[in-house]
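Each chain, written out:
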Amino acid sequence: MRYLKAAIQQATNTICFPVTILGTIFVLLISCSENLIALFRSTDLLSFNAHIDLIMSAMGGEAMALALPVISALPYTTAYVDDTKSGYIKVYLPRIGVDRYVASKALSCALSGGLAVLLGAMIAYILLALLLLPMEAAPTIVSDAADVKNISPIWGKFALLFASGCFWSMVGLMLASVTKSRYMAYIGPFVVCYVLIILYERYFDFLYVLYPREWINPSDKWVLGAWGVAILLIVLTGVIGCIFAYWARKQLVQE
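These figures come from a predicted structure and were not determined experimentally.

A. Just unusual backbone geometry, in detail. In the Ramachandran plot, Lys180 falls in the positive-phi region, its phi being about 55° despite a non-glycine side chain. Looking at the element boundaries, Lys180 is found in the loop between helix H10 (154-179) and helix H11 (182-202).

Right, dumping it as C-alpha cells:
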C-alpha cells in the first residue's frame, strides 16, 4: 500500500496535475461562456439552480468530449516510459518487485487522471455558483420524494468525468508502454476517442456503449443513467489496466 501511496503522491506532485485541473476549468468555463453572458444581461431573477444547469450542460458538451482524452492523459501516463528510458526502473524495481510496481503505476495513473478532471470540474462549479447564486430565485419547498431524489443530478456528472478521466489516462499509459513513446501517451487517447466516434457515427450506430459522447452525456438508454456509464468506464479502465499489466510485466521480466 505504501508503494501505491508514494506513486499517487508522485503523480499529483507533477506540474501536469495542476495543468489538467486548470485545463478542465478553462474548457468548462469557455463552453458555458455564451450562456453565462446572456444570464448576466438578464434583468430578471434567474431560476433556482441555474448554475447547476449551466455547468452540467458544459460538462456534457462537445468541447469537453474532445478535450477530456487529452487533458486527462497529462498527469502520469508517461511514468512507465520515463522510468524505463531513464534507467531509474533498474534501481527501483528490485526493491518492490515487478507486480507491485506495475499495479502501483496503473492505479496511480488512473486515479491521478480522474482526480485532476474531477477537481477541475468541482472548482468550475464553485466559481459558477459564486457568480450566479446571488442572482437566482429562492428555492421552493420540496414536497415529494421524487424531487428529493433528483435534486442533485450534478453528482452523476461528476462521477462520469472522474470515470472518464480514469479511463483515458489508462488508455494513454497502455499505449505509451506498448509503443515506448511519450508522444503516444498524450495523443493516443484522443486518436482512440476520435476512432470510436467515427466507428459509431458511420458504421456501428447500435454500439452506443462504446460512443465517447454517450460517456459524458448519456441518453435514456442506459440502465442507472449516468451511474451506469460510470460503472462501465471503471470496468473498461480495469480491462485496459490488465492489458497494461500483462504487457509491462512481460517486458520487465524479459529485460
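B. Layout of the pattern of salt bridges. The full count for this structure, using the stated rule, is four salt bridges. A salt bridge links Asp99 to Arg249, with the shortest nitrogen-to-oxygen separation between them at 2.7 Å. Of this pair, Asp99 sits in helix H8 (residues 98-132) while Arg249 is found in helix H13 (residues 226-254), placing the two residues 150 residues apart along the sequence. Salt bridges here are not isolated pairs; linked through shared partners, they connect Glu62, Glu201 and Arg213.

C. Looking closely at H11. An ideal rise of 1.5 Å per residue puts 30 Å on 21 residues; H11 measures up with 31 Å between its terminal C-alpha atoms. Maximal helix bending in H11 amounts to about 40°, located at Gly188; proline Pro189 follows within four positions. Considered for burial, the residues of H11 that qualify are Ala185, Gly188, Pro189, Cys193, Leu196, Ile197 and Tyr200. Between the side-chain oxygen at the start of H11 and the backbone nitrogen of Tyr183 there is a gap of 3.3 Å, and the oxygen is on Ser181.

D. Layout of the side chain of Lys105. Among the structural elements, Lys105 can be located in helix H8. Taking relative accessible area as the criterion, Lys105 reaches 4% and is therefore assigned buried. Among all residues touching Lys105, those that are not within four sequence positions of it are Gln10, Tyr76, Ala79, Asp83, Leu173 and Phe244.

E. Representation of the packing of helix H2 (residues 16-31) against H8 in the model. Between H2 and H8, whose axes approach to 8 Å, the crossing angle comes to 45°. With respect to their mutual orientation, H2 and H8 come out oblique. Two packed elements cross with a definite hand, and for H2 against H8 that hand is right-handed. Contacts between H2 and H8 involve Phe17, Thr20, Ile21, Thr24, Ile25, Leu28 and Leu29 from the former and Ser112, Leu115, Ala116, Val117, Leu119, Gly120, Ala121, Ile123, Ala124, Leu127 and Leu128 from the latter.

F. A look at a nonpolar patch on the surface. A cluster of nonpolar side chains, Val70, Ile187, Phe190, Val191, Tyr194, Val195, Leu199, Tyr203, Phe204, Phe206, Leu207 and Leu210, forms an exposed patch at the surface whose accessible area comes to about 1100 Å². It is H11 that contributes the most residues to the nonpolar patch, six residues altogether. Here Ile187 shows up in helix H11. Look at Ile187 and you get partly exposed, because its relative accessible area is 46%.

G. Spotlight on the packing of helix H5 (residues 62-71) against H11. H11 packs onto H5 with a crossing angle of 145° between their chain directions and a minimal axis gap of 7 Å. Across the interface between the two elements, Ala65, Leu66, Pro69 and Val70 of H5 pack against Tyr186, Pro189, Phe190, Cys193 and Ile197 of H11. In terms of residue class, the contact of H5 with H11 is built from nine nonpolar, no polar and no charged.

H. View of the side chain of Ser72. For Ser72, the location among the structural elements is in the loop between H5 and helix H6 (79-86). Under the relative-accessibility criterion, Ser72 is labelled buried at 1%. Contacts of Ser72, omitting those with residues within four sequence positions, involve Thr20, Gly113, Val117, Gly165, Trp168 and Ser169.

I. Quick look at empty space enclosed by the protein. A complete count under the given rule lists one cavity of 30 Å³ or more for this structure. There is about 40 Å³ of room inside the largest cavity. Forming the boundary of the largest cavity are Ala65, Leu68, Trp168, Pro212, Trp215 and Ile216. For the lining of the largest cavity, the secondary-structure elements that each account for two or more residues are H5 and helix H12 (212-216). Residue contributions to the lining of the largest cavity peak at three residues, all from H12. Residues of the lining of the largest cavity, tallied by class, amount to six nonpolar, no polar and no charged.

So, how was this worked out
Residues numbered from 1 in each chain as written. Predicted model: local features only at pLDDT ≥ 70, side-chain atom pairs only at ≥ 80, totals over all residues. Heavy atoms only, no water. Helix = DSSP H or I, 4+ residues; strand = E, 2+ residues; numbered from the N terminus. Salt bridge = Lys/Arg side-chain N within 4 Å of Asp/Glu carboxyl O. Expected span 1.5 Å × (residues − 1). Bend = angle between axes of the 7 residues up to and from the residue. Buried < 20%, exposed > 50% of the residue type's maximum accessible area, 1.4 Å probe, protein only. Polar contact = N/O pair within 3.5 Å; in protein donor to acceptor, adjacent residues only side chain to side chain. Contact = heavy atoms within 4.5 Å. Axes fitted to C-alpha atoms, helices over the stretch in contact; angles between N-to-C directions. Parallel < 35°, antiparallel > 145°, perpendicular 65-115°, else oblique. Left-handed = near helix turned anticlockwise from the far one by under 90°. Patch = residues over 30% accessible without salt bridge, like charges linked within 9 Å, V, L, I, M, F, W, Y side chains within 5 Å. Areas by Shrake-Rupley, 256 points an atom, 1.4 Å probe, with all protein chains shown as cover. Nonpolar A, V, L, I, M, F, W, Y, C, P; charged D, E, K, R; others polar. 1 Å grid on protein atoms, 1.4 Å probe; cavity = no way out; pocket = protein on both sides within 12 Å on 5 of 7 lines; lining within 4 Å. Points joined across faces, edges and corners; volume = space filled by probe spheres on them.

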